[in-house]
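# Remarks on the overall topology
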Amino acid sequence: MIHIKRLTAGILAGLLMVMTGCKDYLEVNNNPNQVTAATPQLVLPDALATTGWYLTGNTPSGVAGNFYFLNLWMGYWNWSGNYSIATSDKNYQFTQGFNNSIWSSAYLNLKNYNYVDTQAATLGQPLLQGMAKIMKALHFQLLVDTYGDVPYTSALQGTTTILPTYDKAQAIYEDLFKQIDAGMALLAKGDGTLNPGPNDIMFQGDISKWLKFGNTLKLRMLLRQSEKADRASFIQTQLATIKASGYGFLGAGENAAVNPGYSNSQNLQNPLFGAFYAINGNPTTLNNQYKGNLYGITFYKSTNDPRLGAYYRPVAGSTNNFNGTLFGTTDVLVNSQVSDIGPGVLKNVSQNSPILQSHESLFMQAEAAQRGWITGDPKTLYQAAISESFINVGRTAAEATAYYSQAGVANVNWEASTNKIEAIITQKWASENGTAPFEAWSDYRRLGLPTNIPISQDPSTTVRQIPFRLLYPTSEYSTNAANVGAQGTINQFTSKIFWEK
């Protein structure tokens, strides 16, 4: 079992020789006082663990997770009435200082993956290099989906490019497909090359799963572009490449998730669980701050969904009373009157950190099949995705079958759903509560689904619209002003990502 330890920035710089910054990173050496050579197989688990932290854990300052705010926007969570909320957090009128760690932490970890990529190439370790290329593509995809144009070709050049220029988002996306293909070609070398084994804390050296992960990531990026008619030719070309590879996509039981050996010790907990529970079991400030959203609770109740008890806990002192408030409401209830985040999201200190879950892959396959992009029966894939989402939050396949077999319930029962894409995306949204709000936000920006996600209830919400994007961070305007300034005036309500309608 690989264990993780927090390092100071100084020790980390000595170990990796590729990073600077204030964030403490996870490290695999059991003795942090014994500096170990920064071999690619040593840096890889650190980078993978940091990706898990990036998607589900706290910011470096420990205030709140990178994407926790999207659980508010997408109707999963709301703020507790025990806390006063800044108006800018309730009405979408945020500034350049909003969630800057999404930018800074991504680029810091990209340097980790870039180090693995370049060093593995030098040492003739194609499997490690292929893994790093695919993970670099994942992080750049997230950056593009959040900000649009970002530094790319000159972003990881170290001291040779202090002020990186910005590349066009669409051009970055197109190159990411090339990078994933290059990574998969390296992975396909297979036998006779160094396999990181347990240091691969995502797939434990299972190359077939890495190849499926590469294809699944490409499918995600293709679906992002589904509503842009001018992308049809590119999409078909890439689908042909995926089909020709023969590797398929991640399926049932094949979660892309990391676990370096989380345990109930300080700074060794799963980053999501540890954000909500201290090692003594007591709730943290974030646990007291984030509670159930009435929109999500109402959806699961109205569709007789057993996942209600996985995503939320009953109100204190009750066994089956689930309650919450809508985001931005002026009538926020105190903690004793609302539901906590549930045991399907916060399982235990050693739970895996999801990167791309199996049910997301199956929902994407269902959508692609419904669009005629890939072979396979959309209904079968849709029902398999629902079943997998149940299993991933601790419910059963039998419960899932009973759920999606309910006669006449639109967006649950396949036959009862006149708009199949809406049914797929609605159920995909229902499966991403607490663990993948970024994907729910992306589908909402792409398709406007689910259609009735409520806008913030705060009276100061003058622009009644969930933002299309985030603003470039303050650090760019202070240190890379000319290049970020060349992007023009950026507005979260009007400046769209290239794939948005």
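Quick summary incoming for the structure in this document. Fair warning: this is a prediction, and the values are worked out from it, not measured in the lab. (Residues numbered from 1 in each chain as written. Predicted model: local features only at pLDDT ≥ 70, side-chain atom pairs only at ≥ 80, totals over all residues. Heavy atoms only, no water.)

This brings us to the overall build of the protein chain. The number of helices and strands found in the protein chain is 20 helices and 8 strands. Counting only C-alpha atoms and orienting by the principal axes, one finds that the protein chain spans roughly 60 × 50 × 50 Å. A total of 501 residues make up the protein chain; the buried ones form 59% of that total. Once local pairs closer than 6 in sequence are excluded, the contacts in the protein chain between residues at least 24 apart make up 72%. (Helix = DSSP H or I, 4+ residues; strand = E, 2+ residues; numbered from the N terminus. Buried < 20%, exposed > 50% of the residue type's maximum accessible area, 1.4 Å probe, protein only. Contact = heavy atoms within 4.5 Å.)

Here we come to the pattern of salt bridges. On inspection of all chains with the given rule, the structure shows 21 salt bridges. With its nearest N and O atoms 2.4 Å apart, the salt bridge here joins Lys 291 to Asp 340. With a gap of 49 residues between them, Lys 291 in strand 7 (residues 290–292) and Asp 340 in the loop between helix 13 (308–311) and strand 8 (353–356) connect regions that are remote in the sequence. A relative accessible area of 23% means that Asp 340 is categorised as partly exposed. In this structure, a network of salt bridges that share partners links the residues Glu 227, Glu 367, Arg 371, Lys 428, Asp 443 and Arg 446. (Salt bridge = Lys/Arg side-chain N within 4 Å of Asp/Glu carboxyl O.)

The next subject is the environment of Asn 480. Position of Asn 480 relative to the elements: it lies in the loop between helix 19 (474–479) and helix 20 (481–485). For Asn 480 and Ile 162, which are 318 residues apart along the polypeptide, the C-alpha to C-alpha distance reads 8.5 Å. Setting aside residues up to four positions removed in sequence, Asn 480 forms contacts with Leu 163, Pro 164, Tyr 166 and Ser 475. In this structure the side chain of Asn 480 is engaged in a polar contact, spanning 2.8 Å, whose partner is the side chain of Asn 483. (Polar contact = N/O pair within 3.5 Å; in protein donor to acceptor, adjacent residues only side chain to side chain.)

Attention now goes to the packing of aromatic side chains. Inspection of the entire model under this criterion finds 41 aromatic pairs. Considering the side-chain rings of Tyr 173 and Phe 498, the 5.1 Å spacing of their centres and the 80° angle between planes classify their relative orientation as edge-to-face. Here Tyr 173, found in helix 7 (residues 169–187), pairs with Phe 498, found in the segment after helix 20; they are 325 residues apart in sequence, far enough to count as distant. Like Phe 498, Tyr 173 is buried. Between the aromatic rings of Phe 203 and Phe 213, the centroid separation amounts to 6.0 Å while the plane-to-plane angle is 65°, which identifies the pairing as edge-to-face. One end of the pair, Phe 203, is in the loop between helix 7 and helix 8 (207–224); the other, Phe 213, is in helix 8, with 10 residues separating them in the sequence. Assigned by exposure class, Phe 203 and Phe 213 land together as buried. Within the aromatic cluster, the residues linked to one another by ring pairs are Trp 53, Tyr 54, Phe 67, Phe 69, Trp 73, Tyr 92, Phe 94, Phe 98, Phe 327, Phe 438 and Trp 441. (Phe/Tyr/Trp six-rings, centres within 6.5 Å; stacked < 30°, edge-to-face > 60°.)

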